[in-house]
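# An overview of the molecular structure
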Amino acid sequence: MGPAEYSTRGTVAVITLNNPPVNGLGHALRRGIVDGLDRAAADPGVKAVVLAGAGKSFSAGADIREFGTPQMTADPSLHAVIQAVEASPKPVVAAIHGVAMGGGLELALACHYRVAASNAQVALPEVKLGLLPGAGGTQRLPRAVGLETALNMIVSGTTVSAAQLEGTRLFDAVGEGDVVERAAALAETVADRRPLPLLRDLAIAHPSAEGFLAFARGAVGTVSRGYPAPRRCVDALAAAASQPFEEGLRVERDLFLSLLGTTESRALRHAFFAERAAAKIADVPEDTEVRPIRSAAVIGAGTMGGGIAMNFANAGIPVTVLEAERARLDQGIATIRKSYEGSARKGKLTSAQAEERMGLIRPTLSYTDVASADIVVEAVFEDMAVKQAVFKTLDETMRAGAILASNTSTLDLDALARSTRRPADVIGTHFFSPAHVMKLLEVVRGAATGKDVLATVMGLARTIKKTAVVSGVCDGFIGNRMLEPYLRQSLLLLEEGALPAQVDRALESFGMAMGPFRMNDLAGNDIGWSIRKRRYREHPETGRSLIADRLCEQGRFGQKTGAGWYRYEAGRRDALPDPAVDEMIVTDSRERGVARRRIAEDEIVDRCVLALVNEGAKILEEGIAQRASDVDLVYLAGYGFPPFRGGPMFYADTVGLTTVVRRMKGFGWTPAPRLARLAGEGQTFNRS
Ligand code: NAD
């Protein structure tokens, strides 16, 4: 079967889009649709045409495999296909099931009639890639569903079910049963009706379009800081409401092209592809046989263990949770229950779902109860001796073929693997806190980790809906290793003249979800303190952070103690600048004889963000990360790096690596060899 199959049912021709997995509108399919329309037009036995999708969906839009290739815009373009549909002398009925998104929905909007399955999903999600629908979507959708609904859909990119839009001009019929059959029946009924109805011919009726658009502009402006696309979407809809159709199409086209070249859109598209690239591992073929994961176990029911167990339960995988002591076990399980009950109260889960998930979690104090699990994730104290003892026991008790994973953040995974007789089965799964919420999962590949084990855990990550990135073994893996120099710069800035709120403000205006000091107060300053103390012991030659240590000596661990870099009022999370901390910082400078200086926002951003870039370059050089986009993904999914900047390495590319190197030298730093080399060759980290 070709990409567009042509068949007839009596007097109705059916053109079936068939480009698995989602009928992306690739070049061959576009060609096939136009050919099918021509064939139907020429056949005197055909009175009407149905456009339907094979498999699970009508069409999810552009074929992402063609992005950046000449096929993307090769003739016939989507515009040409849409023109061919509108120009068809015989009525064209879209039969929509599954999803009709982006270009797929735009194609359907050009048809004369549309029939949908009630559970079909429609969306114009281009805004999520920093774009707007560029094939008439902004002009036809408001004519079909009204200005307000269209604006909401286009500005947010959200998916709406056909049932929700029943009764609008978008659908001539919404219902159950075979959608192609129903579309063919409608096609027969309307075969002789003329003129052929087109959405472009409808007027947009709104009692006060101008007032509504002005309101929408204001609302969108405030929530879309850093993102031009949502505002351009409003502009396109304003054109739809105020201009003739063809003029509106021209405005849409111009706006689309102006967005295509923006850094924000390039960054969002980079992130989209980074996510897909991260699943690929150079030396692990995609058809590597994986081990089935039907049951899991977690060792340690603390902060992380509880969250990790919830991930399994949420995916329907039964999980046994083992603790060393009864009291901690009870407490850990109670915390999980509280979390599920909270979700049920907020309406995110039904009580039945919450109970079902609790029912999948089985507490135990005995290793015999975990022995048969397909994977076990260790999340006990961050202490090599404790972890090695746990791995030794796991080695003795777990069934052959079970995967032994560790959630360690800083310890040497290879050393853990060596404490077992099955290092190939050992892997790191570095979850982020709170583990049932945060998207990122660093999958740590040890020197001996089996390829099938790696492939299995990457597949499991998909099952539990995590964004997985493979990391080699090093202190801190990708994310925390880069965070170290970033935080070091933030502390140095305090010593030189800045205050915590100023540093946070600068990085938050850059777009970081949270500045470093607010972030530390949330995570707990004691965590960094204990890591620093270990480093002071292991590497006495490295500098100390007296300010950060002093803060911890005063018990200011952050939100949990009501005071950290900021102060917190009881029951509130707002970070309030604290004169006592500012005083401590200024006193520290005085005692060390440092003349404090005014530090500009740009310097704060450059020093912190470029510290990430330099460490990222070292991580790439050492092969800890497979590709620059993996590093970017870690920061986007796990560290609140602004999506519109595409991640630290992509950001460096947009600044220009020569400029990056020059700025680093200005700070007296040595640019990492890979960075210096790429800059010298006029290259970028990410190939675009
Ligand atoms: P935690 O102190 O909250 O929990 C550890 C739990 O392990 C405790 O309940 C303890 O009773 C239990 N435990 C200790 N020894 C045990 C043993 N021998 N057998 C069974 N249970 C045992 O610690 P956490 O924050 O959940 O951290 C756990 C692991 O996750 C550490 O390796 C940590 O580095 C890592 N991690 C933590 C975070 C974080 O933000 N907290 C993030 C990523 C990774």
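Let us look at the structure shown here. In this text, all values refer to a predicted model and were calculated from it rather than measured experimentally. (Residues numbered from 1 in each chain as written. Predicted model: local features only at pLDDT ≥ 70, side-chain atom pairs only at ≥ 80, totals over all residues. Heavy atoms only, no water.)

Spanning 16 residues, helix H1 (residues 27-42) covers 23 Å between terminal C-alpha atoms, matching the ideal 22 Å at 1.5 Å per step. Within H1, the full set of buried residues consists of Leu29, Arg30, Gly32, Ile33, Val34, Gly36, Leu37 and Ala40. Tucked into the core, H1 has its buried residues touching strand S1 (4-9), strand S2 (12-17), strand S3 (48-53), helix H2 (78-87), strand S4 (92-96) and helix H3 (103-110). (Helix = DSSP H or I, 4+ residues; strand = E, 2+ residues; numbered from the N terminus. Expected span 1.5 Å × (residues − 1). Buried < 20%, exposed > 50% of the residue type's maximum accessible area, 1.4 Å probe, protein only. Contact = heavy atoms within 4.5 Å.)

Here we come to unusual backbone geometry. Backbone torsion omega between arginine 194 and proline 195 reads 0°, so that peptide bond is classified as cis. With respect to the helices and strands, the residue proline 195 is situated in the loop between helix H6 (179-190) and helix H7 (209-223). Following serine 433, the chain continues to proline 434 via a peptide bond in cis, the omega torsion being -5°. Take proline 434: it is sitting in the loop between strand S15 (426-431) and strand S16 (440-444). Even without being a glycine, asparagine 23 presents a positive backbone phi close to 55°.

With that out of the way, let us pick up the sheet that holds S15. Reading across from one edge, S12-S11-S10-S13-S14-S15-S16-S17 is the order of the eight strands in this open sheet, with mixed pairing throughout. The outermost strands of the open sheet, each flanked by one partner alone, are strand S12 (361-364) and strand S17 (467-471). Going across the sheet, the axis of each strand differs from the next one's by a mean of 25°, ignoring polarity. Bridge count for S16 against S17 is five bridges, and the pairing is parallel. (Pairing = 2+ DSSP bridges. Axes fitted to C-alpha atoms, helices over the stretch in contact; angles between N-to-C directions.)

Turning to the packing of aromatic side chains, a few remarks are in order. For the coordinates displayed, the defined rule picks out 10 aromatic pairs. Geometrically, the ring pair formed by tryptophan 529 and phenylalanine 557 is tilted, given 6.2 Å between the ring centres and 50° between the ring planes. A residue pair is termed long-range when its members are at least 10 positions apart, and tryptophan 529 in helix H20 (residues 525-538) and phenylalanine 557 in the loop between helix H21 (546-553) and strand S18 (566-567) qualify at 28 residues. Overall, the relative accessible area of 17% leaves tryptophan 529 in the buried class. A cation over an aromatic ring shows up here: arginine 544 above the ring of tyrosine 536, its NZ or CZ 4.2 Å from the ring centre. One cation-aromatic arrangement involves arginine 645 over phenylalanine 510; the distance from NZ or CZ to the ring centre is 4.1 Å. (Phe/Tyr/Trp six-rings, centres within 6.5 Å; stacked < 30°, edge-to-face > 60°. Lys NZ or Arg CZ within 6 Å of the ring centre and 35° of its normal.)

Glancing now at the environment of leucine 186. Relative to the elements of secondary structure, leucine 186 occurs in helix H6. Looking at leucine 186, the relative accessible area reads 22%, which means it is partly exposed. As a C-alpha pair, leucine 186 and tyrosine 113 span 73 residues in sequence and 8.6 Å in three-dimensional space. The residues touching leucine 186, leaving out its near neighbours within four places in the chain, are Val93, Tyr113, Val115 and Asp172.

Met304, Glu323, Arg328, Glu382 and Lys387 are the nearest of the 21 residues found near the ligand. Starting from 830 Å² of accessible surface for the ligand in isolation, the protein chains cover 79%. Those elements that place two or more of their residues in the shell around the ligand are helix H11 (303-314), helix H14 (384-397) and S15. Ranked by residues supplied to the shell around the ligand, first place goes to H14 with three residues. Across the shell around the ligand, the residue classes tally to nine nonpolar, eight polar and four charged. (Near = heavy atom within 4 Å. Areas by Shrake-Rupley, 256 points an atom, 1.4 Å probe, with all protein chains shown as cover. Nonpolar A, V, L, I, M, F, W, Y, C, P; charged D, E, K, R; others polar.)

So, on to the pairing of strand S11 (residues 319-322). Because side chains alternate across S11, one face comprises the buried residues Val319 and Val321, and the other comprises Thr320 and Leu322, equally buried. Alignment of strand S10 (residues 296-299) against S11, held across four bridges, turns out to be parallel. Note on S11: the bridge partner recorded for alanine 296 is valine 319. One crossover worth recording links S10 to the parallel S11 by way of H11, and it is right-handed. Sheet topology places S11 next to S12; four bridges connect them, and they run parallel. Within the sheet, the bridge partner assigned to valine 321 lies in S12 and is proline 363. (Right-handed = clockwise from strand over helix to strand, strands pointing away.)

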